[in-house]
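For reference, the chains in residue letters:
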Amino acid sequence: SLTKICLPLSSHLLFQGYLFISVLVNSNSELIRLINNAIKNDLASRNPTFMCLALHCIANVGSREMAEAFASEIPRILVAGDTMDSVKQSAALCLLRLYKTSPDLVPMGEWTSRVVHLLNDQHMGVVTAAVSLIACLCKKNPDDFKTCVSLAVSRLSRIVSSASTDLQDYTYYFVPAPWLSVKLLRLLQCYPPPDAAVKGRLVECLETILNKAQEPPKSKKVQHSNAKNAILFEAISLIIHYDSEPNLLVRACNQLGQFLQHRETNLRYLALESMCTLASSEFSHEAVKTHIETVINALKTERDVSVRQRAADLLYAMCDRTNAKQIVSEMLSYLETADYSIREEIVLKVAILAEKYAVDYSWYVDTILNLIRIAGDYVSEEVWYRVIQIVINRDDVQGYAAKTVFEALQAPACHENMVKVGGYILGEFGNLIAGDPRSSPLVQFNLLHSKFHLCSVSTRALLLSTYIKFINLFPETKGTIQEVLRSDSQIRNADVELQQRAVEYLKLSSIASTDVLATVLEEMPPFPERESSILAKLKKKKGPGAGSELDDGKKDPNSEINGGMEPSASTSTPSPSADLLGLRAAPTSASGAPTSAGNLLVDVFSDSPSATTGLVPGAEENFLRFVCKNNGVLFENQLLQIGVKSEFRQNLGRMYLFYGNKTSVQFQSFTPTVSYPGDLSQLNVQTKAVEPLVEGGAQVQQVLNIECLSDFTEAPLINIKFRYGGTLQNLTLKLPITVNKFFQATEMQSQDFFQRWKQLSLALLLSTSLLFPQLLGFGSALLDKVDPNPDNYVGAGIIQTKALQVGCLLRLEPNAQAQMYRLTLRTSKESVSKHLCELLSQQF
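Note that this is a predicted model, so its numbers are computed, not measured.

The helix and strand inventory of the protein chain stands at 34 helices and 16 strands. Of all 844 residues assigned to the protein chain, the portion counted as buried reaches 51%. Long-range contacts, defined as pairs at least 24 residues apart, comprise 71% of the intrachain contacts of the protein chain with a sequence gap of at least 6. Accessible surface computed for the protein chain: about 38,300 Å², of which carbon and sulfur atoms make up 50%.

Below is the structure:
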């Protein structure tokens, strides 16, 4: 029987028995319980051979049953004073294996402080194994192992200052203990810089490593250079992590600069990758810029596409106002021959740099139009939406933009994105160049219409909107354009959207007076300033962890172009000053600005299976924490962390969910599913599927587009299923989407506020000992100097939905004597009043 094989008859038979168990016995087999008894006997035997074989078997099987049986025993063996070095080494690695597979079963106790002192052990194998264990444990419990920093620095100092003969058994091609050195440097990156005394010793170690990198090689073998460079790059990573030693940062940059022209492709790649991070440091940014010519040459001549991509990343990271034009010009030049796999990323980088460091807006417009000309297929909607937003917001560039885009449209082969930009800009500002006979109104119209039948349906719909704008701008073109609209409205088998636009525009141009037409088709108002969505798209394309490279933290105070709108902002929306609170009767203008956004949101609930399990413990509390904020951690356990970042505008919202695998084991069949327990006519959510495999330590992102159709009370649910170590995990959470997210803050005068306050009869009162700062994140505007009592707080806002807008007023009245507050909330709809009051009461 298997039990008999495992009995310690001899070391040879015992080895064969454990080998058989490790290779052939399934971790879920019932025999594991029998095997555990034999393992316990061997661990208690104090025979180092038997103990090591038992520990190896536990690590190889690594099942949860093994962890339950031995997770408390192995730490005792590890820190026991009489344990042999070989057994300590095996125990550390075995405990590391169990912690990675079943972290909840490995108890933290007094042994954690004792295991740190293994870094002082005389046996280098024990030290190496202990560093691997501590580096893993400290990620979750950093405070328990913070004393390891001084010991790790001491051990590292002894290694880097020793000669290769001092550590003969652990010297690899004349490099003392390279694996241990790398592990120690990585362990130090888990903690902030140490105190002055320890930091001084560590700086000496890092300087020694940089000095040794300059020494002539002691061997021509590639293994020697590999070991030496592994330590060097890990030391540079630690220098970058601390970002507090200007001298070391500059030296690291210069050292990496020597690798930029190295014959080894891997070294060139690693040097470019590390310099991307160095470029974000205020201490080393200027040093990185000195290598700009070498990086540009790598972009042009490098054979390996991955190295060329890193060169583009580094140019992007080192860019500032002094070299922006040179870098943008070089990237545009490279774009013409760039690999298809990285063209879209290059386009996004050029667009961001041109906007961020524009000295004048004419250069920015020229750059974006060149982008469209060179790589029109890779220019996303975010890019050409953005140039339109900036042109609309800047009076001084509108004429130049109209003239430039008119000239660009005269090219025989014109990309469709250029037609979209031209149609939009000429429809708004074509009158600024109409005085030139070469760009008269009819010439502009004929030029655009010559592209009409070569374009997609969405672009033709945009051009039809441009034509109706032309009728308002240039009355002399009315007859010609009406003929085109009449022809398009009568085409059989035409696209329904195009036909409907043609019919409606034709009727509008026929029956509307000049004043009405001018009001309906007035010029687009300026867009509110927001963060550019192009940067968000680039971060998404680069994936998690790319933030330091893409957002370099260098806020340029001289940057003229700053902020922006979401790409779909060109869609017509009610004016913020619309009379939704019933204070005025003046009509609001409906913009006829063309848009190709179409219907971006679709209903995903009809086919989505609803969650069949209850909410995970704590889900309701986590959900309520997001009522007054948009970003944070929605859920976290020992396996998974879910972060949320969301933004809302009008009745639309976008939510980013970040799923982080906290383990070292791959998640399989990872499937998040959204469902909505309420009326499907209240809320629409569009979501994209995520990759079914999530690697250990990795993070994946999911984007949800949200449309509020009418007021709602139920929050959507998300059910997350995946397999971890063969076990199915099933979690159900509430998504933090509440009706107050669709508030549009509204400014009001005191007289208007109380006039409307009396008209709204639907009020709900809440009296409790609450804190008023919560109102700041609730979404409504807090109005200053409106209430006659200066101690009171009043707010106003409009809940934006597709079906209707609900005006909302609130008043917070403190009673200092009773130490209570009275919150009065009045809206034009009772169900909204009730739900908003419930949300606030749960917050307070």
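In the contact formed by helix 9 (residues 124-137) and helix 11 (residues 178-188), the axes pass within 10 Å of each other and the chain directions differ by 30°. It follows from the interaxial angle that helix 9 and helix 11 lie roughly parallel. Seen from above, helix 9 lies across helix 11 with left-handed handedness. Two secondary-structure elements touch here, helix 9 through Met-124, Val-127, Thr-128, Val-131, Ser-132, Ile-134 and Ala-135 and helix 11 through Leu-180, Lys-183, Leu-184 and Leu-187. Of the residues in the contact of helix 9 with helix 11, the class split is eight nonpolar, two polar and one charged.

Its 17 residues place the ends of helix 7 (residues 85-101) 25 Å apart at the C-alpha level, agreeing with the 24 Å of an ideal helix rising 1.5 Å per residue. Turning to helix 7, its buried residues are Val-87, Lys-88, Ser-90, Ala-91, Ala-92, Cys-94, Leu-95, Leu-96, Leu-98, Tyr-99 and Thr-101. The secondary structure elements touched by the buried residues of helix 7 are helix 4 (48-61), helix 5 (64-70), helix 6 (73-79), helix 8 (111-116), helix 9 and strand 9 (717-724).

What follows covers the pattern of salt bridges. For the coordinates displayed, the defined rule picks out 26 salt bridges. The shortest N-O distance in the salt bridge between Arg-186 and Glu-234 comes to 3.1 Å. Residue Arg-186 is found in helix 11, and its partner Glu-234 is found in helix 13 (residues 222-242); the two are separated by 48 residues along the sequence. Glu-234 gets classed as buried once you look at its relative accessible area, which sits at 11%. The closest approach of N and O atoms between Lys-469 and Glu-428, which form a salt bridge, is 2.9 Å. Of this pair, Lys-469 sits in helix 26 (residues 457-473) while Glu-428 sits in helix 24 (residues 416-429), and the two are 41 residues apart along the sequence. As far as burial versus exposure is concerned, Lys-469 and Glu-428 are alike and both buried. Each member of the salt-bridge network shares a partner with another, and the members are Glu-273, Arg-310, Asp-313, Glu-345 and Lys-349.

Within the open sheet, the three strands sit side by side as 6-9-10. Their pairing is antiparallel. The strands lining the two open edges of the sheet, one partner per strand, are strand 6 (667-675) and strand 10 (727-734). Going from strand to strand, the sheet's axes swing by 15° on average, the running direction of each strand aside. Alignment of strand 6 against strand 9, held across seven bridges, turns out to be antiparallel. Bridging from a neighbouring strand, Ser-675 pairs with Leu-717 of strand 9.

This part covers the packing of aromatic side chains. Aromatic ring pairs are defined here through the distance separating the ring centres and the angle between the ring planes. Within this structure, the stated rule accounts for 15 aromatic pairs. Aromatic pair Trp-384 and Tyr-385: ring centres 4.6 Å apart, planes at 50°, arrangement tilted. Trp-384 gets classed as buried once you look at its relative accessible area, which sits at 1%. On the basis of relative accessibility, which here comes to 4%, the residue Tyr-385 falls in the buried class. Taken together, Tyr-659, Phe-667, Phe-670, Phe-722 and Tyr-724 form an aromatic cluster joined through their ring pairs. One residue, Arg-460, lies across the ring of Phe-452, its end atom 6.0 Å from the ring centre. The cationic tip of Lys-734 hangs over the ring face of Phe-623; the distance from NZ or CZ to the ring centre is 4.9 Å.

For the coordinates displayed, the defined rule picks out two cavities of 30 Å³ or more. Roughly 60 Å³ of internal volume is contained in the largest cavity. The wall of the largest cavity is formed by Lys-199, Leu-202, Val-203, Leu-206, Ile-239, Tyr-242, Asp-243, Glu-245 and Leu-248. Of all the secondary-structure elements, those providing two or more residues to the lining of the largest cavity are helix 12 (196-214) and helix 13. Per-element tally for the lining of the largest cavity: the top contributor is helix 12, with four residues. Here the residues of the lining of the largest cavity are counted per class, giving six nonpolar, no polar and three charged.

The strand order across the open sheet formed by five strands is 3-4-5-8-7, and the pairing between neighbours is antiparallel. Edge positions in the sheet fall to strand 3 (631-636) and strand 7 (683-687), since each has one partner strand and no second. Each neighbouring strand pair of the sheet contributes to a mean axis angle of 25°, computed without reference to strand direction. Bridge count for strand 4 (residues 640-649) against strand 5 (residues 652-661) is ten bridges, and the pairing is antiparallel. Bridge assignment links Gln-641 to a residue of strand 5, and that residue is Gly-660.

Across its 14 residues, helix 18 (residues 305-318) extends 20 Å between first and last C-alpha, which sits within 8% of the 20 Å expected from 1.5 Å per residue. Along helix 18, eleven of the 14 residues are buried, which leaves the element largely enclosed by surrounding structure. Those residues of helix 18 not exposed but buried are Val-307, Arg-308, Arg-310, Ala-311, Ala-312, Asp-313, Leu-314, Leu-315, Tyr-316, Ala-317 and Met-318.

So, about the side chain of Asn-417. Within the secondary structure, Asn-417 is located in helix 24. On the basis of relative accessible area, Asn-417 is assigned to the buried category, the value being 8%. Beyond its immediate chain neighbours, meaning those up to four positions away, Asn-417 contacts Ile-372, Gly-376, Val-379 and Trp-384.

A few words on the side chain of Lys-420. In this structure, Lys-420 sits in helix 24. Although Lys-420 lies buried, it forms no salt bridge, and the closest oppositely charged side chain, Glu-416, sits 4.7 Å away as judged by the N-O distance. Residues within four places of Lys-420 in sequence aside, it is in contact with Trp-384, Ser-458, Thr-459 and Leu-462.

Before going further, it helps to spend a moment on the state of the cysteines. Following the criterion strictly, the structure yields zero disulfides and no others. Unpaired in terms of disulfides, Cys-136 finds its nearest cysteine sulfur in Cys-138, a separation of 8.3 Å. Judged by its relative accessible area of 18%, Cys-136 falls in the buried class.

In terms of nonpolar packing, the biggest core is built from 193 residues, with Ile-39 and Val-115 touching the most fellow members. Per-element tally for this core: the top contributor is helix 9, with eleven residues. For this core, the domains that each give at least three residues are domain 1 (1-107) and domain 2 (324-521). Once residues lying within four places of it in the same chain are set aside, the contact partners of Ile-39 are Tyr-18, Ala-54, Cys-57, Ile-58, Met-66 and Phe-70.

Cut-off values and rules
- Residues numbered from 1 in each chain as written.
- Predicted model: local features only at pLDDT ≥ 70, side-chain atom pairs only at ≥ 80, totals over all residues.
- Heavy atoms only, no water.
- Helix = DSSP H or I, 4+ residues; strand = E, 2+ residues; numbered from the N terminus.
- Buried < 20%, exposed > 50% of the residue type's maximum accessible area, 1.4 Å probe, protein only.
- Contact = heavy atoms within 4.5 Å.
- Areas by Shrake-Rupley, 256 points an atom, 1.4 Å probe, with all protein chains shown as cover.
- Axes fitted to C-alpha atoms, helices over the stretch in contact; angles between N-to-C directions.
- Parallel < 35°, antiparallel > 145°, perpendicular 65-115°, else oblique.
- Left-handed = near helix turned anticlockwise from the far one by under 90°.
- Nonpolar A, V, L, I, M, F, W, Y, C, P; charged D, E, K, R; others polar.
- Expected span 1.5 Å × (residues − 1).
- Salt bridge = Lys/Arg side-chain N within 4 Å of Asp/Glu carboxyl O.
- Pairing = 2+ DSSP bridges.
- Phe/Tyr/Trp six-rings, centres within 6.5 Å; stacked < 30°, edge-to-face > 60°.
- Lys NZ or Arg CZ within 6 Å of the ring centre and 35° of its normal.
- 1 Å grid on protein atoms, 1.4 Å probe; cavity = no way out; pocket = protein on both sides within 12 Å on 5 of 7 lines; lining within 4 Å.
- Points joined across faces, edges and corners; volume = space filled by probe spheres on them.
- Lys, Arg positive; Asp, Glu negative; His and termini not counted.
- Disulfide = S-S within 2.5 Å.
- Core = buried A, V, L, I, M, F, W, Y, C linked by side-chain atoms within 4.5 Å.
- Domains from an automatic or database assignment.

Limitation: the analysis is restricted to geometry and does not speak to function.
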